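What follows is each chain in one-letter form.
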Amino acid sequence: MNEKNIEIPVYVFMGFLGSGKTKFATETLVDNGFTEGKSTLLLVAEEGELEYNKAQLEALNIHLEFVDDENLTEEHLLELSAKYKPENVMLEYNGMWELDKIFQIRVPKGWTVVQVISFVDASTFDMYVANMKKIMMDQLRNADMIIFNRCDENTRKAEYRRSIRAVNRRAQVIFENKDGVVDNADDEVELPFSIDGPVIELEDEDFGLFYIDAADNPDKYLDKKIKFKAQVHKPSTYSANTFVPGRFAMTCCAADIAFIGFKSYYGGAKNLNDRDWVIVEGTIKKEYYPEFEGEGPVIYVDSVAKTGPAADDLVYFTY
């Protein structure tokens, strides 16, 4: 095979200082033998509480190089690529850098980012959300996997999982206890609305919880009748008989508000205006959603009636 056509996988670790990036990288590279002796370039953009054992890494054909704001450039990466000829690249990203930096770098030809893992110290998550909203939200939005570590009995796993689902549908969310044991037990509490009657009737404040639960478990709602209050959104890419009845939702913080809802089919959609408040009644089906990377709920609407606004403009993922 022509070496020029070989793709070199790049794995990116994100997270604030002390979030567990170095520990995870060491366990993956050394303890679990992830690279199987192949030449691996380990780029580290910040020195954390734990230090890498360079001699131990070299014995496994893993080459440690520190990068900073000055030398994380295409030219320097090309030099390192020529020097080590890596078959794998791992980048421990600086948690204080905004992600725009990494997306602006032109990596050497053949390097392909295959996985982005974000690490979160559960004991400091709320503090970082409150004080460093943009950077934290960027880390969560762009991750393929999110690992909450240092969890204990006070960690609000269900709340955190719902918040992540609101901003990143594709990420796998993992909770790890202080002893390193993964704890993904289903700790979801009972929903505040019933799905067992002839019609699911949502209170105004329940839409956020319905959205998350239905998106995660579309089969649970298949062929169910539903009635709820929502605002109209008409994406320009949708046909005349489709719209999105939904709500603005606060995800992880007050500065991060997104419109959420499911694609809906309705013959009278052309008569609706963006931001109209309506009562929607219809039947839940499912179809393929690119953003879900699988099937998700859609609503076949029977009736739409204009109404007044909800008491609170926003919905939340807690109750």
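Peer 1: Would you mind going over the sheet that holds strand 1 (residues 8-14) with me for this structure?
Peer 2: Strand-to-strand pairing in sheets goes through backbone hydrogen bonds, with the strands running parallel or antiparallel. In spatial order, the strands read 3-2-4-1-5-6-7; together these seven strands make up an open sheet with parallel pairing. If you trace the sheet from one side to the other, it starts and ends with strand 3 (62-66) and strand 7 (172-177), each paired once. Going from strand to strand, the sheet's axes swing by 20° on average, the running direction of each strand aside.

Peer 1: Teacher, can you tell me more about helix 7 (residues 157-167) here?
Peer 2: Three- or four-residue spacings in an α-helix give side chains the same orientation, since the helix completes a turn every 3.6 residues. Counting buried positions over the eleven residues of helix 7 gives ten, a clear majority of the element. Taken together, the buried positions of helix 7 are Lys157, Ala158, Tyr160, Arg161, Arg162, Ser163, Ile164, Arg165, Ala166 and Val167. On its buried face, helix 7 is in contact with helix 5 (125-131), helix 6 (133-141), strand 6 (145-151), strand 7 and helix 8 (207-216).

Peer 1: Explain the packing of helix 7 against helix 8 to me, please; I cannot follow it from the model alone.
Peer 2: Axes are the key here: two packed helices are described by the angle between their axes and the distance separating the axes. Relative orientation of the contacting elements helix 7 and helix 8 amounts to 80°, with a least axis distance of 10 Å. Of the possible angle classes, the one that applies to helix 7 and helix 8 is roughly perpendicular. Residues Arg162, Arg165 and Ala166 of helix 7 form the contact with helix 8, whose own contacting residues are Leu209, Ile212 and Asp216. In terms of residue class, the contact of helix 7 with helix 8 is built from three nonpolar, no polar and three charged.

Peer 1: What is the right way to read the pattern of salt bridges from this model?
Peer 2: Any two side chains of opposite charge can pair, so long as their charged atoms come close to each other. On inspection of all chains with the given rule, the structure shows 15 salt bridges. Put simply, lysine 21 and glutamate 46 hold a salt bridge, and the shortest N to O gap is 2.7 Å. With a gap of 25 residues between them, lysine 21 in helix 1 (residues 21-31) and glutamate 46 in the loop between strand 2 (40-44) and helix 2 (54-59) connect regions that are remote in the sequence. For lysine 21, a relative accessible area of 4% corresponds to the buried category. Judged by its relative accessible area of 11%, glutamate 46 falls in the buried class. Across the salt bridge formed by aspartate 223 and lysine 285, the nearest N and O atoms sit 2.5 Å from each other.

Calculation rules
- Residues numbered from 1 in each chain as written.
- Predicted model: local features only at pLDDT ≥ 70, side-chain atom pairs only at ≥ 80, totals over all residues.
- Heavy atoms only, no water.
- Pairing = 2+ DSSP bridges.
- Helix = DSSP H or I, 4+ residues; strand = E, 2+ residues; numbered from the N terminus.
- Axes fitted to C-alpha atoms, helices over the stretch in contact; angles between N-to-C directions.
- Buried < 20%, exposed > 50% of the residue type's maximum accessible area, 1.4 Å probe, protein only.
- Contact = heavy atoms within 4.5 Å.
- Parallel < 35°, antiparallel > 145°, perpendicular 65-115°, else oblique.
- Nonpolar A, V, L, I, M, F, W, Y, C, P; charged D, E, K, R; others polar.
- Salt bridge = Lys/Arg side-chain N within 4 Å of Asp/Glu carboxyl O.

Any functional reading would require information beyond the geometric quantities listed.
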